[in-house]
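# Breakdown of the fold
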Amino acid sequence: MASSFLSIEHVSKSFARGQSATQVLRDINLSIVRGEYVSIIGHSGCGKSTLLNLIAGLTKITTGGIILENKEVNEPGPDRAVVFQNHSLLPWLTTYQNVKLAVDKVFSQLKSRAERHAWTMHNLELVQMVHAKDKLPAEISGGMKQRVGIARALAMEPKVLLLDEPFGALDALTRAHLQDSVMQIHARLGNTVIMITHDVDEAVLLSDRIVMMTNGPSATIGEILDVPLPRPRKRLELSSDPTYLRSREAVMRFLYERHRAPALQAA
Amino acid sequence: MRGLDPLFQVLRTVPPLAWLPLSLAAFRDGQPSAIFVIFITAIWPIIINTAVGIRNIPTDYRNVAAVLRLNQLEFFWKIMIPAAAPYIFTGLRIGIGLSWLAIVAAEMLIGGVGIGFFIWDAWNSSRISEIILALIYVGLIGFMLDRLVAGIGHHATRGTATS
């Protein structure tokens, strides 16, 4: 497809251990348009994190290819910034320095020192973390750490923002707050986002499309659901919106009827 | 590093004073021999802990470095050294304790200077109370050295090292 921004074509991934190889992902095909927010949902162990790592270039593809803006992806790079599940901020750097590290590396040639400072502050502002810019990661809450993680990723001006269960380790209230922030940022900057999640509500609330994965081993894309909800989306209004409820039900049906978790199937 | 580990473990268990005759034979002088004994005693926990620290750099930090495309030098200074620093300082703390141990023992054997010689001299002159005083002194200095290194470690690693 010519119009697609990021395309994943016939991607399979096997992990070899000694003589035996386990196929984790089988024949994944997906194309994503610029500015789209895509969620990948599936039971744990279905290889969704592996898929994200493949897009990030952190894991090598076994067969097939991933093409981002007509260039093949085969190594990690700042054009595909990752927000990791456990924030992975460097604990010896302040929040400002954590973001600055990325800015300094990515824009070392392109921006002056003053511009890099301004850009770092701008990104901290975007996630409302300027007040804690001199705090170490150990001194701030989990939600705040994740904000800084998002700021660090945004600061690289990535073509695609990869979120690996970014809200998984947070409590429900903080999660809702952060989801709203991500929606605002997405509306403002129009980033292309791929998010891994196992939360149905989160997927429906945030995404333009939801990619549902079958169970592993040899997991693949089971179904892709369009979420035709207008933006900006308001959490409260949506809770009784028929489109929202229908989308939610569709994902639930997929996950709990047709592709139940292996552990549940046995029971 | 992993291949050298058994070698380190063997060398580590050699008691400090066992090195002294060999180093006396090599240097033919008390002072450098004593310094060599201190060095050879203190170096192993520092090396072993540093190796453990580098081996234990979380995958997350490596991934961050990969996404940012840090080169080897940047990875070394910005990720490896700070990530291993708490382990290095643990090694240094053990090392300084051991070297204080070795210093006192070496001074007893080489003679002429230092608190070790003072204790030995006091024993030869049957001044038991001075020995007890010296022991308390040795203990307190050892404690202070440990605290000093821990304090530097705490400061240098911004609180990520335990003190």
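Placed above this text is the structure.
What you are looking at is a predicted structure, and each value in this text was computed from that prediction instead of being measured.

## Some points on the overall build of chain A
Looking only at helices and strands, chain A has 9 helices and 10 strands in total. Against the globule reference of 18 Å for 267 residues, chain A gives a C-alpha radius of gyration of 19 Å, in line with a compact fold. Across its three principal axes, chain A shows a C-alpha extent of roughly 55 × 50 × 40 Å. Sorting the 267 residues of chain A into buried and exposed places 53% on the buried side. Excluding contacts between residues fewer than 6 apart, the proportion of contacts in chain A whose partners are at least 24 apart in sequence is 69%. Entry remark: accessible area of chain A is about 12200 Å², with carbon and sulfur atoms responsible for 51%. Within chain A, one finds 31 positive and 27 negative side-chain charges whose respective centroids are separated by 4 Å.

## Examining the pairing of strand β9 (residues 209–213) of chain A
Residue and element names in this part refer to chain A. β9 sits mainly inside the fold: 5 of its 5 residues count as buried. Residues R209, V211 and M213 line one face of β9 and the alternating positions I210 and M212 line the opposite face, and both faces are buried. Pairing geometry for strand β3 (residues 37–41) and β9, over 4 bridges, is parallel. Along β9, the bridge assignment pairs V38 with R209. The sheet contact formed by β9 and strand β10 (residues 221–226) spans 5 bridges and is antiparallel.

## Focus on the packing of aromatic side chains
Applying the stated criterion across every chain, the model contains 6 aromatic pairs over all chains. With 5.6 Å between their ring centres and 90° between their planes, W92 of chain A and Y61 of chain B make a pair best called edge-to-face. Highlighted residues: W92 of chain A in the loop between β6 (80–83) and α2 (95–106) and Y61 of chain B in helix α4 (residues 59–68), drawn from two different chains. Of the two residues, W92 of chain A and Y61 of chain B, both sit in the buried class. Note on F27 of chain B and F36 of chain B: the rings are 5.7 Å apart at their centroids and 50° apart in plane angle, and the pair reads as tilted. Taken together through their ring pairs, the aromatic side chains of W19, F27 and F36 of chain B make up a single cluster. Taking NZ or CZ as reference, K111 of chain A lies 4.8 Å from the ring centre of F107 of chain A, over its face.

## Details of the sheet that holds strand β7 (residues 160–164) of chain A
All names here are of chain A. Read across the open sheet, the 6 strands follow the order β6-β7-β8-β3-β9-β10; overall the sheet is mixed. Lying at the two open borders of the sheet, with one neighbouring strand each, are β6 and β10. Shown here is a sheet whose adjacent strand axes are inclined to one another by a mean of 20°, direction ignored. Lying over the sheet, helix α8 (residues 242–258) contacts β3, β9 and β10, oriented at roughly 170° with respect to β10.

## Points about a nonpolar patch on the surface
Residues and elements named next belong to chain B. The grouping of W120, W123, I128, I132, I136 and L140 at the surface amounts to a nonpolar patch, some 640 Å² of accessible area in total. Of all the elements in the fold, those that place two or more residues in the nonpolar patch are α6 (114–124) and α7 (128–156). Broken down by element, the residue count for the nonpolar patch peaks at 4 residues, all from α7. Following the sequence through the fold, W120 ends up in helix α6.

## Digging into the packing of helix α5 (residues 72–110) of chain B against α7 of chain B
Each packed pair of helices is defined by two parameters, the angle between the axes and the distance between the axes. All names here are of chain B. Between α5 and α7, whose axes approach to 9 Å, the crossing angle comes to 160°. Put simply, α5 runs roughly antiparallel to α7. The crossing of α5 and α7 is right-handed. Where α5 approaches α7, its residues F89, L92, R93, I96, W100 and V104 are matched on the opposing element by V138, I141, G142, L145, D146, V149, A150, I152, G153 and A156. Classifying every residue of the contact of α5 with α7 by side-chain character gives 12 nonpolar, 2 polar and 2 charged.

## Details of the environment of A122 of chain B
All names here are of chain B. Following the sequence through the fold, A122 ends up in helix α6. The exposure class of A122 is buried, given its relative accessible area of 0%. When the C-alpha positions of A122 and Q31 are compared, they lie 21 Å apart, and in sequence the two are 91 residues distant. When sequence neighbours within four positions are dropped, the list of residues in contact with A122 reads R127, E130 and I131.

## Here we look at the pattern of salt bridges
Residue and element names in this part refer to chain A. For the coordinates displayed, the defined rule picks out 19 salt bridges over all chains. Notably, a salt bridge pairs K159 with E69, separated by 3.3 Å at the nearest N-O pair. Of this pair, K159 sits in the loop between α4 (142–155) and β7 while E69 sits in the loop between β4 (63–68) and β5 (71–72), placing them 90 residues apart in sequence. Overall, the relative accessible area of 32% leaves E69 in the partly exposed class.

## Remarks on the nonpolar core
By size, the foremost hydrophobic cluster in this structure holds 96 residues, and its most contacted members are I194, I210, M213 and V251 of chain A. Residue contacts for I210 of chain A: discarding those within four places in its chain leaves S39, I41, A203, V204, E223, I224, L225, V227 and V251 of chain A.

## Side note on the sheet that holds strand β1 (residues 6–17) of chain A
Residues and elements named next belong to chain A. With antiparallel pairing, the 4 strands of this open sheet are ordered in space as β2-β1-β4-β5. Both outer strands of the open sheet, β2 (20–32) and β5, are each paired with one neighbouring strand and no more. Sitting on the sheet, helix α1 (residues 48–56) is in contact with β1, β2 and β4, with an inclination near 115° to β1.

## Some points on unusual backbone geometry
With an omega of -5°, the peptide bond between R231 of chain A and P232 of chain A qualifies as cis. Among the secondary structure elements, P232 of chain A is positioned in the loop between β10 and α7 (235–238). In this model, H87 of chain A sits at a positive phi of 55°, which is unusual for a non-glycine residue. Along the chain, H87 of chain A falls in the loop between β6 and α2. At R69 of chain B, a residue that is not glycine, the phi angle is positive and equals roughly 55°. Mapped onto the fold, R69 of chain B is located in the loop between α4 and α5.

The rules behind each value
- Residues numbered from 1 in each chain as written.
- Chains lettered and ligands numbered in written order.
- Predicted model: local features only at pLDDT ≥ 70, side-chain atom pairs only at ≥ 80, totals over all residues.
- Heavy atoms only, no water.
- Helix = DSSP H or I, 4+ residues; strand = E, 2+ residues; numbered from the N terminus.
- Rg over C-alpha atoms; globule rule 2.2 N^0.38 Å.
- Buried < 20%, exposed > 50% of the residue type's maximum accessible area, 1.4 Å probe, protein only.
- Contact = heavy atoms within 4.5 Å.
- Areas by Shrake-Rupley, 256 points an atom, 1.4 Å probe, with all protein chains shown as cover.
- Lys, Arg positive; Asp, Glu negative; His and termini not counted.
- Charge placed at Lys NZ, Arg CZ, Asp CG, Glu CD.
- Pairing = 2+ DSSP bridges.
- Phe/Tyr/Trp six-rings, centres within 6.5 Å; stacked < 30°, edge-to-face > 60°.
- Lys NZ or Arg CZ within 6 Å of the ring centre and 35° of its normal.
- Axes fitted to C-alpha atoms, helices over the stretch in contact; angles between N-to-C directions.
- Patch = residues over 30% accessible without salt bridge, like charges linked within 9 Å, V, L, I, M, F, W, Y side chains within 5 Å.
- Salt bridge = Lys/Arg side-chain N within 4 Å of Asp/Glu carboxyl O.
- Parallel < 35°, antiparallel > 145°, perpendicular 65-115°, else oblique.
- Left-handed = near helix turned anticlockwise from the far one by under 90°.
- Nonpolar A, V, L, I, M, F, W, Y, C, P; charged D, E, K, R; others polar.
- Core = buried A, V, L, I, M, F, W, Y, C linked by side-chain atoms within 4.5 Å.

By themselves these figures say nothing about function.
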